Structure formats: structure tokens, C-alpha cells
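Descriptive analysis of the structure
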Amino acid sequence: MGTDSWKGHVNGILYGVQFDRVLDDSVVTRVVDGVTAGLYPGDRAETRDALDQALRYPGPLNDQAETHHGEDEIRLFFRRLSAALHTPPPS
């Protein structure tokens with residue numbers, strides 16, 4: 001997955017959480033449910049891959065879809081979101 005591809009996933013997620021004051025567990029759950037339901041582009045595996053690549057990227061993650069969340073908060077949220085997406089969905 002190239003930079004443009006994972007950036008699209010990241011920007012979509014950031015757009016979806018831009019009005020959340022705090023990126024807490026309820027937001028993680030909402031985004032995971034949205035990925036599972038097809039509200040975000042890509043399936044769970046593709047989204048996990050995009051998040052993992054984003055977390056390895058040394059530059060800012062909200063340079064295109066700016067939010068009021070700081071870089072550290074976004075990276076922590078993405079780590080928690082990636083971990084949640086690695087957990088198999090309930091059957």
C-alpha cells in the first residue's frame with residue numbers, strides 16, 4: 001500500500017472523528033463498527049494495514065484532514081484502533 005492509499009484511509013477516519021472532543025474507547029468502537037459495516041473504504045485487514053503504515057510514517061498524520069486533536073492524541077487513537085481491528089469481530 002503506497003502513501004497515497006493509506007493516507008486516504010487515515011483522512012477518512014480523521015474526517016469521521018473530527019468533531020469528537022475526546023478520542024476515547026467509544027470512538028474506537030464506533031469506528032471499528034463503521035469499518036465492519038462498510039462505512040469506511042476497505043475491510044478490517046486493509047484498514048489495519050493502513051493504520052500500521054500510518055503509525056510508521058514520521059510525518060504529521062493530520063496535515064490534510066486537520067482536526068483539533070494533536071499528533072500524539074491521533075497516534076494513540078490509531079494504535080488503539082489498530083489493536084481493536086486486530087481483535088476478531090464477535091460472531
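Residues numbered from 1 in each chain as written. Predicted model: local features only at pLDDT ≥ 70, side-chain atom pairs only at ≥ 80, totals over all residues. Heavy atoms only, no water.

Taking 1.5 Å as the rise per residue, helix α4 (residues 71-86) with 16 residues should run 22 Å; its terminal C-alpha atoms sit 22 Å apart, in good agreement. Turning to α4, its buried residues are I74, R75, F77, F78, L81, S82 and L85. Looking straight down α4, one finds its buried side chains confined to an arc of 160 degrees; they lie on one side. (Helix = DSSP H or I, 4+ residues; strand = E, 2+ residues; numbered from the N terminus. Expected span 1.5 Å × (residues − 1). Buried < 20%, exposed > 50% of the residue type's maximum accessible area, 1.4 Å probe, protein only. Arc of directions from axis to C-beta.)

Turning to the side chain of N62, a few remarks are in order. Within the secondary structure, N62 is located in the loop between α3 (44-56) and α4. Residue N62 is classed as buried on the basis of its relative accessible area, which comes to 15%. Separated by 3.4 Å, the side chain of N62 and the backbone oxygen of H69 make a polar contact. With sequence-adjacent residues up to four places away left out, N62 is seen in contact with L14, T67, H69, E71 and I74. (Polar contact = N/O pair within 3.5 Å; in protein donor to acceptor, adjacent residues only side chain to side chain. Contact = heavy atoms within 4.5 Å.)

Here the focus is the packing of aromatic side chains. Going through the model one piece at a time under the given rule, you end up with two aromatic pairs. Where F77 meets F78, the ring centres are 5.8 Å apart and the plane angle is 40 degrees; that geometry is what we call tilted. Here F77 matches F78 in class, with each residue buried. (Phe/Tyr/Trp six-rings, centres within 6.5 Å; stacked < 30°, edge-to-face > 60°.)

Relative to the helices and strands, A65 is located in the loop between α3 and α4. The buried category is assigned to A65, whose relative accessible area is 16%. A sequence separation of ten residues divides A65 from L55, and the C-alpha atoms of the two residues are 16 Å apart. Among residues more than four places away in sequence, those in contact with A65 are N11 and L14.

Another aspect to go through is the packing of α3 against α4. Packing of α3 against α4 leaves a shortest axis separation of 9 Å and a crossing angle of 150 degrees. Judged by the angle between their axes, α3 and α4 are roughly antiparallel. As α3 runs across α4, the sense of the crossing is left-handed. Across from R44, T47, R48, L51, D52, A54 and L55 in α3, the residues of α4 making contact are R75, F78, R79, L81, S82, A84, L85 and H86. Grouping the constituent residues of the contact of α3 with α4 by class yields seven nonpolar, three polar and five charged. (Axes fitted to C-alpha atoms, helices over the stretch in contact; angles between N-to-C directions. Parallel < 35°, antiparallel > 145°, perpendicular 65-115°, else oblique. Left-handed = near helix turned anticlockwise from the far one by under 90°. Nonpolar A, V, L, I, M, F, W, Y, C, P; charged D, E, K, R; others polar.)

Moving on, we get to helix α2 (residues 25-36). Its twelve residues place the ends of α2 16 Å apart at the C-alpha level, agreeing with the 16 Å of an ideal helix rising 1.5 Å per residue. For α2, the complete set of buried residues consists of V27, V28, V31, V32, G34 and V35. End-on, the buried residues of α2 take up no more than an arc of 160 degrees, which puts them together on one face. Following α2 by one or two positions, G38 adopts a phi angle in the positive range, close to 85 degrees.

Honestly, that's just the spatial picture; any functional story needs more than this.
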